[in-house]
Amino acid sequence: MISGQRKATKAVLFAERRLDAVIGGRLLNAGWLSGSLGLSVLQMRLLAQSWSQGREALATALVAAVWLASSLLAATLLTGRRRSAARYWGTGLLLCILPQLALPVLRPLPVSLWPATLELGLLSAFSSLLGNAWLLQRRPWPAVDERIALMRAALGTMFGLSLVWLLPAWSGLLAILCLLPLLALDYWPEARAPLPTPGRMVDNWFDLTEGARRWRLQLTLDWLLQGGWWRYLTRRRQLGLVLLASGLAIVLGSIWNAVPTPFAAILQEQGTLPTLLWLLLAQALALGLAFALQLPLRGLLGPSDRLIPERWRPWCQAVALCQPFVMAISLLALGLPGLQAPVWLAISLGLYTLAATAWGILLPRLRPSLSTVIFSQRHLLPPGLSLDQGQLAYERAQEEHVNRFLFVAEGLLTLLLTPVAGWLTGRWTVDGLLIFTGRTLLIALVLLVSLVGLWQLIGYRAEESQSALFRPTPWEQPGFQRGQASPPGAVAQEPTSLIDEIEHFLQKRHHE
């Protein structure tokens, strides 16, 4: 009887804990989205102030590049593990915003162009550093949902642009109001948080349960300089997809850092600023449509840490590869002179947002992490295969090193390309830059698809001639043991990695 009461009590406590986690996750998602939108308002406010100094697109792009550089620094160096750091970063951001309320928006400062650009660049650096470090801190709350991150990426720029140019006098106060919900959660008592406070004891406990994460491996810089990241992506069969995703991120990131403020200035000169609201509404509807289409496909497109079923993977890859073409066509349509009516602009931007959201949903699932591959397919592995924790830790260290390298490389190249996009905007106007970018992307995508298709055809014929797909895996060979020395007289070969063995076995099962 007592044992039954204890089980019932534990079940009730577990249910209450799950309910607290669900409610806490929704609170954090709402607060994080509001805070990120407030940070976007602050960014667009500084860019609008830079534009009003001399209507120079290059100066505005330089301020945007400084913002991007500080956000990259915050993402790589200032992401903490302690909850107490979040409240400090948030408070610092709030104190940094308060003096900026005295700056006149859309009116020039009483100084010349480049000294004002330098002053606004310093304010942009501090604001971006504090704001992005604040958003990226670990908190004793459930993780930010994938859809919330996509909403921030899709709506942030247009939301901030609309508030700053339509309500310039109130944009500063509205930015502060957007920041307050997440800051209030950071000051929430630790005892009322739905998850344990991140720290040394909790981190060590998770490491003990995950095994390989106990190995703190660090790869040297020589491994990257010698092309280790290229070989790793080639071995994982992700090189083409990663290069395509990185190229799109660099080009589109520089465009959307340099173009929005001059575009809003053109609308102001034409007296059509309410068009910004139509564009924001089009983006919101496109996001809603993408998320609505995702609901009936939950069995196919689950969370980002689950694999797509093997029979649907080619179809999802084909759909994903169509999205860059749609984004390029939408950019081209945004710049065409005959499609500058508000309705056509809203349709073009809505299609771009829909394609970018679909790309953001499919890309993580087409490029699964090592942990996702092993955890999702662990029940299909042969019973005799023991996962060497040291080898698994080494593979995971390689993956983290490559991801960090790609993130920093994309950020630096976007940072360098943003002033170039601003300079071209000043010479060609916004429409000219969008047309040039759309045409260039279309030509590059057609050439890339042709080359990749030819490469895959050659590789497929080579595999057919050698029957390499059905060679025995190492654990299927008689007397095989991991770490066993090669027999005398055998040719020395590069040791097969763990992920190669697992993926080869899964592909063989699928073809059989």
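To be clear, the structure that these remarks concern was listed above.
All of the points below concern the structure found in this document. Because the structure is predicted, anything quoted here is derived from the model rather than measured.

Moving on, we get to the pattern of salt bridges. Applying the stated criterion to the full structure yields three salt bridges. Across the salt bridge formed by Glu269 and Arg55, the nearest N and O atoms sit 3.6 Å from each other. Remark: Arg55 occurs in the loop between helix 1 (2-54) and helix 2 (57-77) and Glu269 occurs in helix 11 (residues 260-270); sequence separation between them is 214 residues. Among the residues examined, Glu269 registers a relative accessible area of 60% and is labelled exposed. Between Arg147 and Asp145 there is a salt bridge; the shortest N-O distance is 3.2 Å. Given a relative accessible area of 29%, Asp145 falls into the partly exposed group.

To continue, consider helix 12 (residues 275-294). One turn of an α-helix holds 3.6 residues; hence residues three or four places apart share an orientation. Given a rise of 1.5 Å per residue, 20 residues ought to cover 28 Å, and the 29 Å separating the end C-alpha atoms of helix 12 matches this to within 8%. Within helix 12, burial applies to Thr275, Leu276, Leu279, Leu280, Ala282, Gln283, Ala286, Leu287, Ala290, Phe291 and Gln294. An end-on view of helix 12 places all buried positions within 165 degrees of arc, on one side of the element. When the buried face of helix 12 is taken as reference, the exposed residues oriented beyond 90 degrees from it are Trp278 and Leu285. In this structure, the buried side of helix 12 is in contact with helix 5 (146-166), helix 11 and helix 14 (342-366).

General note: in soluble globular proteins, nonpolar side chains tend to be found buried as a group. Ranked by size, the top nonpolar core spans 88 residues in total, and within it Leu93, Trp165, Phe263, Leu276 and Trp359 carry the most contacts. Considering every element that reaches this core, the biggest residue donor is helix 1, with 12 residues. Counting residues in each nonpolar core, the second largest holds seven residues, with Trp229, Leu233, Val242 and Val402 among its members.

Quick notes on the rules
Numbers given to residues run from 1 along each chain, matching the order in which its sequence is written. Local features are withheld for residues below a pLDDT of 70 in this predicted model, meaning they are given only at 70 or higher, and side-chain atom pairs are given and counted only at 80 or more; totals for whole chains, interfaces and linings count all residues. For side-chain calculations, the full set of non-hydrogen atoms in the structure is used, while hydrogens and water are omitted. A pair is scored as a salt bridge if a Lys or Arg side-chain nitrogen falls within 4 Å of a carboxyl oxygen belonging to Asp or Glu. Secondary structure elements are taken from DSSP: a helix is a run of H or I of four residues or more, a strand is a run of E of two residues or more, and numbering for both begins at the N terminus. Residue burial is assigned from relative accessible area. The probe radius is 1.4 Å, only protein chains are included, and a residue is buried under 20% of its type maximum, exposed over 50%, and partly exposed in between. Every helix has an expected span of 1.5 Å times one less than the residues it contains. Of all possible arcs, the one meant is that of the directions from the helix axis to the C-beta atoms. Contact definition: two residues touch when any of their heavy atoms are within 4.5 Å. Buried residues of nine kinds, namely Ala, Val, Leu, Ile, Met, Phe, Trp, Tyr and Cys, make up a nonpolar core once their side-chain atoms join them within 4.5 Å.

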